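Examination of the molecular architecture
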Amino acid sequence: MGLFSEFAFRARAAVQWSLPPFKRVVSFEQVRASCSAVARLDDLSTRYDLSAWSRFCNRQDWRESLYVLDVLDRLLPKSLPAGRALDVGAKNGAMLPGLATATRRGCDAVELDAHRRYLWGSTRRVYGERMARAFPDCRFIAGDVRTLEGMYAVVTWWLPFLTPAPLEAWGLPSRFLAPLEMLRHVTQRLVPGGVLLIVNQGEAEAGLQRQHLESLGSKASALGRIESPFSPFSKPRFGWLVF
Ligand SMILES: C[S@@+](CC[C@H](N)C(=O)[O-])C[C@H]1O[C@@H](n2cnc3c(N)ncnc32)[C@H](O)[C@@H]1O
């Protein structure tokens, strides 16, 4: 498994050519018609500009980004310093509309396995780049977050890999399991007054996350269980705000 995932990862990184992204874009009205949390959707849509979403998001993008917008709207401090936002482990940029809209600033979305290819021949990277172009001053970065040297006012990190099993399930080589090193690097990217939101899946992961935060001496508040009317997730999620 280890050798295979290493080989497959290298093969993906070597063949970066991609077909363009294919998307069935869905409008706000279509999403609203099938939404089970219409009151919250209307509340968010009156306070945030979702117009670009109707032009660039498919159903999955809407689902992931509405979840992100709902959570960030409630959990981020109301006053944030100037500076860009960053999403760590951004997959194909599906959550970027949520981050850019909630923080109203230029964002970077970084993804290590950006050249992973869908059955129809497009890679995550082209989806991420298309999404980044839809929002002012946003970028999709194909690479390891540990290579980023910029500074950020807001960082989101949904489901960091803390144990070997999820890393393997996502088909990544074990050398990328470096939770403490990554956490140190990411917290060092925060401008003074900046904030990092980490969300873990399950109590065991949240317990491990606590240990990592404590071992680095990070100033963090436990947010407890993170709920959202837009959450499609069955496993409970737990959050941290790191300052
Ligand atoms: C469990 S997935 C979570 C994806 C997404 N944040 C979400 O909540 O659906 C972790 C993601 O982090 C990415 N990742 C892992 N290590 C990384 C690194 N060093 N730099 C950037 N991305 C990384 C993985 O490729 C994967 O897409």
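Quick caveat: nothing in here was measured; it's all calculated off a predicted structure.

1. A closer look at the site of the ligand
Taken together, 18 residues form the shell around the ligand, and within it Gly 89, Leu 112, Asp 113, Val 145 and Trp 158 come nearest. For the shell around the ligand, the class distribution of residues is 12 nonpolar, 1 polar and 5 charged.

2. Brief notes about helix H5 (residues 59-75)
With 17 residues, H5 extends 24 Å between its outermost C-alpha atoms, agreeing within 8% with the 24 Å of an ideal straight helix rising 1.5 Å per residue. Listed in full, the buried residues belonging to H5 are Asp 61, Trp 62, Glu 64, Ser 65, Leu 66, Tyr 67, Val 68, Leu 69, Asp 70 and Val 71. On its buried face, H5 is in contact with helix H2 (28-33), helix H3 (38-47), helix H4 (51-56) and helix H6 (96-103).

3. A closer look at the sheet that holds strand S6 (residues 220-225)
Strand order in this open sheet of 7 strands is S3-S2-S1-S4-S5-S7-S6, and the pairing throughout is mixed. Every interior strand has two partners, whereas the edge strands, strand S3 (139-142) and S6, have only one. Pairwise comparison of adjacent strand axes, ignoring direction, gives a mean angle of 15 degrees for this sheet. Bridge count for strand S1 (residues 84-88) against strand S2 (residues 107-111) is 4 bridges, and the pairing is parallel. Residue pairing for S2: Ala 85 is matched across the bridge by Cys 107. Seen against the sheet, H6 touches S1, S2 and strand S4 (152-158) and runs at an angle of roughly 155 degrees to S2. Against the sheet, helix H7 (residues 124-133) contacts S2 and S3, and its axis sits at roughly 160 degrees relative to S3.

4. Some thoughts on the pairing of S1
The element S1 is extensively covered by neighbouring structure, given that 5 of its 5 residues are classed as buried. Taking every second residue as pointing to the same face, both faces of S1 are buried, with Arg 84, Leu 86 and Val 88 on one and Ala 85 and Asp 87 on the other. Two elements, S1 and S4, share 4 bridges in a ladder whose sense is parallel. Within the sheet, the bridge partner assigned to Leu 86 lies in S4 and is Val 155. Handedness of the crossover joining S1 and S2 through H6: right-handed.

5. Considering the pairing of strand S5 (residues 190-201)
Strand direction decides the pairing type here: S4 and S5, joined by 6 bridges, are parallel. Its bridge partner lying in S5, Thr 156 is registered against Leu 197.

6. Some points on the environment of Gly 202
Here Gly 202 lies in the loop between S5 and helix H10 (203-215). Distance in space between the C-alpha atoms of Gly 202 and Phe 22 is 33 Å, their sequence separation being 180 residues. Aside from chain neighbours lying at most four places away, what touches Gly 202 is Lys 235 and Pro 236.

7. What to know about the nonpolar core
Counting residues in hydrophobic clusters, the biggest one holds 53 residues, and the most contacted among them are Leu 96, Val 155 and Leu 196. Sequence-distant contacts of Leu 96, that is, excluding residues within four places in its chain, are made with Asp 87, Ala 90, Cys 107, Ala 109, Met 131, Ala 132, Phe 135 and Cys 138.

8. Things to note about helix H1 (residues 2-14)
End to end, H1 covers 18 Å across 13 residues, agreeing with the expected 18 Å (1.5 Å per residue, within 8%). H1 sits mainly on the outside: 0 of its 13 residues count as buried.

9. With respect to the confidence of the model for the protein
Across the protein, the average pLDDT comes to 97, with 100% of residues at 70 or higher. Here H1 is the element of the protein with the lowest mean pLDDT, 93, and S1 is the one with the highest, 99.

Reading the values: the criteria
Counting restarts for each chain, with residues numbered from 1 along the sequence as it is written. In view of the model being predicted, local features appear only for residues whose pLDDT reaches at least 70, and side-chain atom pairs are presented and counted only at 80 or more, with totals across whole chains, interfaces and linings using the full set of residues. By convention here, the C-beta atom is placed from the backbone, and a residue is near a molecule or strand when that atom is within 6 Å of it. In this classification, the charged set is Asp, Glu, Lys and Arg, the nonpolar set is Ala, Val, Leu, Ile, Met, Phe, Trp, Tyr, Cys and Pro, and all remaining amino acids, among them Gly, are polar. Here a strand is any run of E in DSSP of at least two residues, a helix any run of H or I of at least four, and the numbering for each starts at the N terminus. A helix is expected to span 1.5 Å multiplied by its residue count minus one. Burial is judged by counting other C-beta atoms within 10 Å of a residue's own C-beta: 20 or more means buried, 12 or fewer means exposed, and anything between counts as partly exposed, with every C-beta placed from the backbone. The contact criterion used here is simple: two residues whose C-beta atoms, placed from the backbone, lie within 7 Å are in contact. Whether two strands pair depends on DSSP finding at least two bridges between them. For every element, the axis is a line fit to its C-alpha atoms; helices are fit only across the contacting stretch, and the angle between N-to-C directions ranges from 0 to 180 degrees. Clockwise travel from the first strand over the helix to the second, with the strands pointing away from the viewer, marks a crossover as right-handed. Nonpolar core, as used here: buried Ala, Val, Leu, Ile, Met, Phe, Trp, Tyr and Cys residues forming one set through C-beta atoms within 7 Å. Confidence of the prediction at every residue is given by pLDDT, a number between 0 and 100.

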